Each structure stands twice: as structure tokens, then as C-alpha cells.
Amino acid sequence: MTFGVLLSGAVIVETVFAYPGLGLLLYEGILALDFPLVQGVFLLLVFSMILANIAADITQGRLDPRLRGGQDQNA
């Protein structure tokens, strides 16, 4: 969940300090009303969020034995 905050903060930091990156590209695309650019950047950011969440779920499942599937031990 913190990854989304990191991405949204990138827009602010890159705009204030004029760092070249996706945040600044998104900001300039919004100002220029370049809708295909804005959609592409959003698609890339959303796709990276989904991959990060999948990686976190897989890692958590491997590290925590309570989350592993399998047969019921009590039956």
C-alpha cells in the first residue's frame, strides 16, 4: 500500500525539483492535455502497482506458514 504513496509523491518531488521522470512527464502531460500520454503513464503506474502487490502476496505466502494452502491438519 505504501508503493502507491511513493508513486504519487514522485509527481510532487519531480515537479518541484524538475527531476526528469514519470512524475514530471505525467504532470506535463496533464498540463498539455495530452490524453494518450497521461493514459499510458497511468497504465504503466497501475501495472507496476499490481505487480508489486502480487510480489508482496507471494512473498508473504512463502514466509508465513499460516497462509500456505494444503490439507486441513485437524481432520
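Residues numbered from 1 in each chain as written. Predicted model: local features only at pLDDT ≥ 70, side-chain atom pairs only at ≥ 80, totals over all residues. Heavy atoms only, no water.

1. Description of unusual backbone geometry
Backbone geometry at Ala18 places phi at a positive 55°, although glycine is not the residue there. Of note, Ala18 is situated in the loop between helix H1 (2–17) and helix H2 (22–31). Relative accessible area serves as the criterion here: at 54%, Ala18 is assigned to the exposed category. We note that Leu33 has phi near 55°; this positive angle belongs to a residue other than glycine. As for its position among the elements, Leu33 is in the loop between H2 and helix H3 (35–63). (Helix = DSSP H or I, 4+ residues; strand = E, 2+ residues; numbered from the N terminus. Buried < 20%, exposed > 50% of the residue type's maximum accessible area, 1.4 Å probe, protein only.)

2. Considerations on H2
The set of residues buried in H2 consists of Gly23, Leu24, Leu26 and Gly29. Two residues or fewer past H2, Leu33 is found with a positive phi of approximately 55°.

3. A closer look at the side chain of Asp64
With respect to the helices and strands, the residue Asp64 is situated in the segment after H3. You can call Asp64 buried: its relative accessible area is 17%. A distance of 3.1 Å separates polar atoms of two side chains, one belonging to Asp64 and the other to Arg66. (Polar contact = N/O pair within 3.5 Å; in protein donor to acceptor, adjacent residues only side chain to side chain.)

4. Considerations on H3
If you check H3, its first and last C-alpha atoms are 42 Å apart, about what 29 residues at 1.5 Å a residue would give, namely 42 Å. What H3 keeps buried is the set Val38, Val41 and Leu45. (Expected span 1.5 Å × (residues − 1).)

5. With respect to the pattern of salt bridges
All told, the structure shown has one salt bridge when counted by the stated rule. A salt bridge links Asp64 to Arg66, with the nearest nitrogen and oxygen atoms 3.1 Å apart. Here Arg66 falls in the exposed class, since its relative accessible area comes to 71%. (Salt bridge = Lys/Arg side-chain N within 4 Å of Asp/Glu carboxyl O.)

6. Thoughts on the environment of Leu25
Note on placement: Leu25 falls in helix H2. Of the residues examined, Leu25 reaches a relative accessible area of 33% and is grouped as partly exposed. Taking the C-alpha atoms as reference points, Leu25 and Val38, 13 residues apart in sequence, are found 8.4 Å from one another. If sequence neighbours within four positions are ignored, Leu25 has contacts with Leu37 and Val41. (Contact = heavy atoms within 4.5 Å.)

Purely geometric numbers; function is a separate question.
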